[in-house]
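Structure assessment
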Amino acid sequence: MTGRGRLAKGAAPPSILWFRQDLRLADQPALRAAAATGGPVIPVYIWSPQEEGEWPPGAAARWWIARSLRSLETELQARGSFLVIRRGPAAAALRALARETGAERIVYTRRIEPAAREQEEAVRQAFPADGRPEAVGCPGSLLFEPEEVRTRAGGPFQVFTPFYRACLALTDRPEPFSAPRRILSPARRPRSQACSELALDATSDPSGDLAGAWSPGEAGARRRLARFLRSGLSGYAADRDRPDRERTSALSPYLHHGELSPRRVWSALRGGGAAADPFRRQLLWREFAAHLLWHFPHTPLAPLRPEYAAFRWRRDADGLAAWQGGRTGVPLVDAGMRQLRSIGWMHNRVRMVAGSFLVKDLLLSWQDGARWFWERLVDADLANNTLGWQWVAGCGADAAPYFRVFNPYTQGERYDPAGAYVRRWVPELAPLPDRWVHRPHGAPPPVREAAGLVAGSLPYPQPLIAHDVARARALAAYDRLRRRQGGSACAS
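Summarised in this report is the structure supplied together with it. (Residues numbered from 1 in each chain as written. Predicted model: local features only at pLDDT ≥ 70, side-chain atom pairs only at ≥ 80, totals over all residues. Heavy atoms only, no water.)

Describing the overall build of the chain
Scanning the chain from terminus to terminus reveals 20 helices and 5 strands. By the compact-globule yardstick of 23 Å for 492 residues, the chain fits well, its C-alpha radius of gyration being 25 Å. The principal-axis extents of the C-alpha atoms in the chain amount to approximately 85 × 50 × 45 Å. Residues classed as buried in the chain amount to 55% of the 492 residues present. Looking at the chain alone, contacts between residues at least 24 apart form 78% of all its contacts between residues at least 6 apart. Charge-centre separation for the chain: the mean point of 69 positive side chains lies 2 Å from the mean point of 49 negative side chains. (Helix = DSSP H or I, 4+ residues; strand = E, 2+ residues; numbered from the N terminus. Rg over C-alpha atoms; globule rule 2.2 N^0.38 Å. Buried < 20%, exposed > 50% of the residue type's maximum accessible area, 1.4 Å probe, protein only. Contact = heavy atoms within 4.5 Å. Lys, Arg positive; Asp, Glu negative; His and termini not counted. Charge placed at Lys NZ, Arg CZ, Asp CG, Glu CD.)

Section: helix α14 (residues 348-361)
Residue pairs spaced three or four apart in an α-helix point in one direction, given the helix's 3.6 residues per turn. Taking 1.5 Å per residue as the helical rise, α14 with its 14 residues ought to reach 20 Å, and the 19 Å between its terminal C-alpha atoms agrees with that figure. Burial analysis of α14 places 13 of its 14 residues in the buried class, which makes it a mostly covered element. Phi for Leu 363, located one or two positions after α14, is positive at around 55 degrees. (Expected span 1.5 Å × (residues − 1).)

Quick look at the nonpolar core
Within the largest apolar cluster, 101 residues are counted, with the highest numbers of intra-cluster contacts made by Trp 214, Val 265, Phe 279, Trp 323, Met 337, Phe 373 and Trp 389. Among the nonpolar cores identified, the runner-up in size contains 24 residues, and Leu 17, Leu 23, Leu 25 and Leu 83 belong to it. (Core = buried A, V, L, I, M, F, W, Y, C linked by side-chain atoms within 4.5 Å.)

Describing empty space enclosed by the protein
This model, assessed by the stated rule, comprises 3 cavities of 30 Å³ or more. Lining the largest cavity are 13 residues, and of these Ile 112, Ser 141, Leu 142, Arg 286 and Asp 381 lie nearest its centre. Elements represented by at least two residues in the lining of the largest cavity include exactly α9 (252-256), α11 (277-295) and α16 (382-393). The residue inventory of the lining of the largest cavity, partitioned by class, reads 5 nonpolar, 4 polar and 4 charged. Lining the second largest cavity are Ala 289, Leu 292, Leu 293, Phe 296, Thr 299, Leu 304, Ala 383, Thr 386, Leu 387, Gln 390, Gly 396 and Ala 397. Mapped by element, the contributors of at least two residues to the lining of the second largest cavity are α11 and α16. In terms of residue count, α16 provides more of the lining of the second largest cavity than any other element does, 4 residues in total. Partitioning the lining of the second largest cavity into residue classes produces 8 nonpolar, 4 polar and no charged. (1 Å grid on protein atoms, 1.4 Å probe; cavity = no way out; pocket = protein on both sides within 12 Å on 5 of 7 lines; lining within 4 Å. Points joined across faces, edges and corners; volume = space filled by probe spheres on them. Nonpolar A, V, L, I, M, F, W, Y, C, P; charged D, E, K, R; others polar.)

Looking at the sheet that holds strand β1 (residues 15-19)
Through backbone hydrogen bonds, the strands of a sheet pair up, either in parallel or in antiparallel fashion. Ordered in space as β3-β2-β1-β4-β5, the 5 strands form an open sheet in which the pairing is parallel. Each edge of the sheet is formed by a strand with only one pairing partner; in this case those strands are β3 (84-87) and β5 (136-138). If you compare each strand with its neighbour and ignore which way they point, the axes differ by 30 degrees on average. Pairing between β1 and strand β4 (residues 105-109): 4 bridges, direction parallel. Along β4, the bridge assignment pairs Ser 15 with Arg 105. In this fold helix α3 (residues 90-101) packs onto β1, β2 (41-47), β3 and β4, with an angle of close to 150 degrees to the strand it touches most, β2. Lying over the sheet, helix α4 (residues 114-126) contacts β1 and β4, oriented at roughly 170 degrees with respect to β4. (Pairing = 2+ DSSP bridges. Axes fitted to C-alpha atoms, helices over the stretch in contact; angles between N-to-C directions.)

Next comes the structure, spelled out in C-alpha cells:
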C-alpha cells in the first residue's frame, strides 16, 4: 500500500477484520473470509460500550477484555500482523478506517444480542453510502445459527429437551481449523490507540483475585480446555454439582469472549465417549440460551412468560446489599457471592441456589440479580444470564416450577458435605465441625464458642430470614399471582 488509501498496481484491496466477541485466530471464519481475497488483512477492535444498549460490559468483563486484547495482539504479531484499536461508534470508526486504508471489504462475526444486531445493521447501512460492498457477517460464536434449529411447525423452541434432540439430529458440525501461520498485512499500519487508553481496568475491584484465577486469551483457553479433557471430563457427570471439587470446565468466559470456538470444544469431546455426553448437553444449553435471545429479544428485561410481569417483588436495599456482599447469614449463598466478588465466577450449582435465595427467599426481582451478575461475572453472557435468572424465577423457558424453592442449607449439606467450599470462601466459619458448617447458628453454644462465634460479637451475621418462613411467603406470593391471573400463571 502506498500513500493514503492507495494500492500498488494490481494488488488486491485490503479487507478489514472487525473483532468483536471472537478474540481468537484459530477456527475463525471471519479471518478466513478476510484472507480469502488475497489482499492484506487489517484487524481492528472497536471499543463501543455505548452501542451495547442496557448491557455494556461490566467491570469483570472489562478486566477480561483488556487482557484478551493484549493476548490477541501478541498472537497477531507472531504472524506478521497487528491489532488496530479504536473507539466507536463502530460504523463511523470502520468508515474512517476504510477511507484511510483503501479497504473495500469488512468482515465480522455475527452476534445475537439485540443491541449488537442493531450495531451490525448500522455498519451495513454505512458502507453502501461510500460506494463500498456490503459488510460480510460470518458465523463463529455458536454451533448452530439461531434460525437453523426449528420446531416441526417452523417456530422457535421454548423447551430445552426437544431443542437438544433437534440439534443432535442435525448434520454434524464441520471440523475446526487451525490459525494461519502468516497473515498478510498492509505496508503501512493504520493509527491505533493503546489498549491502556481504553481504561478498561478503571473500576475493577482491588479486593478480588481475578489475575490469580484466570489467564484470558486464546492460549489460556487452549490450556483450560486441555486441563478439563485431561483431568475433569471423566468425573464431570458424577461431580459437576459439587462446588468443593474442581470438576467443571470453567470454559464459559473463554467461550463468551470468543477465545475458544464451541466447534473446537465439540470436536475435542468426540474422543470422550459416553462420559462426554453430559458436557455436550451443557454446550447445547448454551446454544438454547442464544436461540431464545435471538427469537425473544425482550427477555433480558422482561419475562418470557408475560403473566409474570405482574409479580409483585419486594424492595429492600439492605437485603440486596447483603446478598451482593455475601452477608446473608446463609453459608452456601455467602460462599458463592464471595467467590463471585473475588474471581468473577461462581459454580453453577451455587448460582442456582444464590439466585433462588434472592428471588424466592428474599422476593427481590430476578432483574436485580441479573444486573449484579452482569457487573461481576467474567463470563457475563446476555443469553445465558437471562435464561438462568428466568429459570430460577420460574418466568422463562424450561423454568423451575414456582413451587421449587431451593433449601440453601440442605443444598450445602448435599453438595458440599465436608464444608470445604464454604470454608474456603467464608473463612470465619472454618473452625466449625463439618456437621455445623452449613448451619452455624444451630450449633450448640459450646461448639459455637470454641469456633469463636460468641453471642453478641458474631463475626458472621444472622440469617436475613428463616428459610421455612421465606418459603411459605414465596409460595403465597406466587399463589396470589396465579389467582389474579385466573389460574394461568404458575402452572408449571
